[in-house]
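# Fold and contact review
Listed here are the chains, written in short residue letters.
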Amino acid sequence: MSFFDNNGPGGATADVIISVRDLIVGFGDKVVMKGLDLDVYRGEVLGFVGGSGQGKSVLTRAILGLVPTRGGSIRIFGRDRDSLAPAERRALEQRWGVLFQNGALFSGLTVKQNIQMPMRETRDLSPRLMDELAMLKLDLVGLKPDAADKFPSELSGGMVKRAALARALALDPELVFLDEPTSGLDPIGAAEFDELIGTLQKTLGLTVFMVTHDLDSLYAICDRVAALADGKVIAAGPLDTLLESDHPWLRAYFHGARGGRFAAKGPD
Ligand SMILES: Nc1ncnc2c1ncn2[C@@H]1O[C@H](COP(=O)(O)OP(=O)(O)OP(=O)(O)O)[C@@H](O)[C@H]1O
Ligand SMILES: [Mg+2]
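Rules of the game
- Residues numbered from 1 in each chain as written.
- Chains lettered and ligands numbered in written order.
- Predicted model: local features only at pLDDT ≥ 70, side-chain atom pairs only at ≥ 80, totals over all residues.
- Axes fitted to C-alpha atoms, helices over the stretch in contact; angles between N-to-C directions.
- Helix = DSSP H or I, 4+ residues; strand = E, 2+ residues; numbered from the N terminus.
- Parallel < 35°, antiparallel > 145°, perpendicular 65-115°, else oblique.
- Left-handed = near helix turned anticlockwise from the far one by under 90°.
- Contact = placed C-beta atoms within 7 Å.
- Nonpolar A, V, L, I, M, F, W, Y, C, P; charged D, E, K, R; others polar.
- Buried ≥ 20, exposed ≤ 12 C-beta atoms within 10 Å, placed from the backbone.
- Right-handed = clockwise from strand over helix to strand, strands pointing away.
- Near = placed C-beta within 6 Å.

Looking at an unreviewed UniProt entry, one finds the protein chain named ABC transporter ATP-binding protein, with Methylocystis iwaonis as its source organism.

Here is the structure:
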């Protein structure tokens, strides 16, 4: 089986929403992406795994256009991002939302102001409409209305993640990038957040690119998993396929001490 054919989940010919080919990214002498290929299909939750410092966040930022690339191509929504005029690029950027690994929210702004930030930057909406929209987004992520006027420091870790997700959804994106959305949450909080992402993905028809270290998340909500090692995607496919692989890195990752339960137990 080729990992990079046009067959999406279920084997049907799928719409490729992100297509990365032969990507090279480096900083000084350090080359982080060494000819990386990856496809993300419309409507799937793709889990992206890899050891710490391997380049999961760098790849996310490269796809978003936030770090320069040295070679290869990145197509999003069928467009080659390098060939876009600035106005086209801005239009494209409004079709996705991002939850970054660090600095999820601006600490000096309330939750409501954080959610409204992308609206303020890109839309010409009345304050009243923006308030209504912000309250809708809060409700969508399971936060109570009284969270709107709180500052991030007044929220629990799980609430901060939810508020950051509300901001990522501010412009009704089709595609959402989540970089370690459940890190720092306790297992119950993480499971609740996974459930929220899964529900939103289904109800809003989102495509989700999710970097995660959380093996439970992979089982709970990911349609496919892609694994990064040595600057390349070494495997991409349904989790079961990766679990059965003989690849040394995959075996170590999924069947090592912390992933040991995968060997014995499948999804319930
Ligand atoms: N702006 C930068 N300048 C120089 N090096 C960078 C920069 N951003 C990332 N790197 C380097 O690129 C490599 C990949 O970093 P990245 O943050 O993508 O790792 P990661 O896989 O997301 O790790 P983690 O799981 O810990 O979040 C690291 O060696 C990092 O130091
Ligand atoms: Mg990272």
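The rest of the description comes next.
In this section: the packing of helix 3 (residues 111-122) against helix 5 (residues 157-168). Here helix 3 crosses helix 5 at 25°, and the two axes come no closer than 8 Å. When the axes of helix 3 and helix 5 are compared, the pair comes out roughly parallel. Helix 5 is crossed by helix 3, and the crossing has right-handed handedness. Of the residues in helix 5, those in contact with V111, N114, I115, M117 and P118 of helix 3 are A163, A166 and R167. Of the residues contributing to the contact of helix 3 with helix 5, the split by class is six nonpolar, one polar and one charged.

What follows deals with the pairing of strand 8 (residues 207-211). Of all the five residues making up strand 8, five are buried; the element is thus mostly covered by neighbouring parts of the structure. The handedness of the strand 7 (residues 175-179) to strand 8 crossover, carried by helix 6 (residues 187-204), is right-handed.

Although it is not a glycine, E180 sits at a positive phi angle of roughly 55°. Examined against the element boundaries, E180 turns out to sit in the loop between strand 7 and helix 6. For E180, a count of 20 C-beta atoms within 10 Å translates into the label buried. A positive phi is found at D230, a non-glycine position, where the angle reads about 50°.

So, on to the site of ligand 1. All residues in the neighbourhood of ligand 1 are listed as F27, V32, G50, S52, G53, Q54, G55, K56, S57, V58 and Q101. When residues in the shell around ligand 1 are grouped by element, the largest group, three residues, is from helix 1 (residues 56-64). Looking at the shell around ligand 1, its residues break down into three nonpolar, seven polar and one charged.

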